[in-house]
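Coordinates in review
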Amino acid sequence: MKQPTQRFILPAGLSFPASVQEITEQFDQQLRQGKFSSYRSIPTGFPRLDEALGGGLHAEDLILVGGAQGTGKTTWVLQAARNIARDGVLAIVICFEHSELYLYNRLLALESYDSANKGEPGITRDVLRDRVLEMAGAGLAHSRLDSLLQSIPGAGNVLGRMGAYWEHLRLVRGSSRRTTVKVIETYIEQAQAMGYQQKVVFVDYLQKVHYQPPIGAPWPDTLQRIGIVMEGLKDVALDHQLPIVAVAAADDRGLRRGKISLADLWGPSLVQYECDVGIILNLGNSVDDGRGIKDLVFSVEKNRSGPDNVIITYPLHGRYFYFDT
């Protein structure tokens, strides 16, 4: 094959088109080296949802999870991330609305309810807060965490259960002033340096990811910024061959109507086109019976790995931040 005599240079991060022969050789080398991680789906631990998604989350996919306030989006993210980490896959949760410690408290509640076989009292945030203050008032302010949990009915084995995955679940607070797509990519690069082959990144939520335009470039308006962030997250998913799950807020029109659809997510039309999977959460018809239980309807409205227009209902135990699966 004739080689060009002139040297051509591309911007950093880009490559020249590869021939099918070169791609064949790369694929063959991957098979010889046993690099199959990008072909394995990653179950979220929600069986009916995973079945609809072709086994779970897939490498290179950008998954949007949308809905109105109070529909359990963050609860689903944290529970799915915990389930994924329990299988030994690294799950990174970037949350723009809550601190790491707040999310940890929600994990305690989730785990205590699950370990109590859904029949014993577990940890709610109110119970945890009240018990901490009781111990402080009794002069036990420097007690260990395990002692605190042992003093709460149904919570004694929480740390043991969390120990099965706590190295593989990473929590970080996002900053709407500093956390850019590049920062998210840096988290992924750190995970790769630690040796994790399979990873999932959860971004809660999309519209708060910061964008810093190049020097001299004009600042985009809000819709343009959301579109740029969407494109950036999809690029990162492709470059690093991992799924990225992004929570997306609904726009004013959808909130006024009451029932959210994929078309109601806040941002340009690119938001609907760029994602590979679109899952929308809406409140079901059940009425809260006083125990904090309500039905959430999961609608898979877009799905490049399986059927769309799939409707699944999961009960949400709000006090324990836990979905029955």
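Here, the structure is the one placed above.
Everything quoted here is computed from the prediction, not taken from an experiment.

Procedures and definitions
- Residues numbered from 1 in each chain as written.
- Predicted model: local features only at pLDDT ≥ 70, side-chain atom pairs only at ≥ 80, totals over all residues.
- Heavy atoms only, no water.
- Helix = DSSP H or I, 4+ residues; strand = E, 2+ residues; numbered from the N terminus.
- Contact = heavy atoms within 4.5 Å.
- Salt bridge = Lys/Arg side-chain N within 4 Å of Asp/Glu carboxyl O.
- Buried < 20%, exposed > 50% of the residue type's maximum accessible area, 1.4 Å probe, protein only.
- Phe/Tyr/Trp six-rings, centres within 6.5 Å; stacked < 30°, edge-to-face > 60°.

**A short note on the side chain of D264**
Note on placement: D264 falls in the loop between α10 (252–257) and α11 (270–274). Residue contacts for D264: discarding those within four places in its chain leaves A250, D251, R253, G254, R257 and K259.

**Some thoughts on the pattern of salt bridges**
One pass over the structure, following the stated rule, counts 12 salt bridges. Residues R131 and E134 are paired through a salt bridge, measuring 2.9 Å at the closest nitrogen-oxygen approach. With a gap of three residues between them, R131 and E134 both fall in helix α5 (residues 125–137), about one helical turn apart. Looking at R131, the relative accessible area reads 24%, which means it is partly exposed. The exposure class assigned to E134 is partly exposed, which follows from its relative accessible area of 48%. The closest approach of N and O atoms between R253 and D251, which form a salt bridge, is 3.9 Å. Residue R253 is classed as partly exposed on the basis of its relative accessible area of 46%. The buried category is assigned to D251, whose relative accessible area is 18%. The structure contains a network of salt bridges with shared partners spanning D251, R253, R257 and D264.

**Observations concerning the packing of aromatic side chains**
Under the defined criterion, the tally for this structure stands at nine aromatic pairs. On the basis of an interplanar angle of 50 degrees and a centroid distance of 6.0 Å, the ring pair of F46 and W76 is categorised as tilted. With F46 in the loop between α1 (20–33) and α2 (47–52) and W76 in helix α3 (residues 73–86), this pair connects stretches of sequence that are 30 residues apart. As far as the burial class goes, F46 and W76 line up, both buried. With 5.2 Å between their ring centres and 85 degrees between their planes, F46 and Y314 make a pair best called edge-to-face. You can see F46 sitting in the loop between α1 and α2 and its partner Y314 sitting in strand β8 (residues 310–317), a full 268 residues away along the chain.

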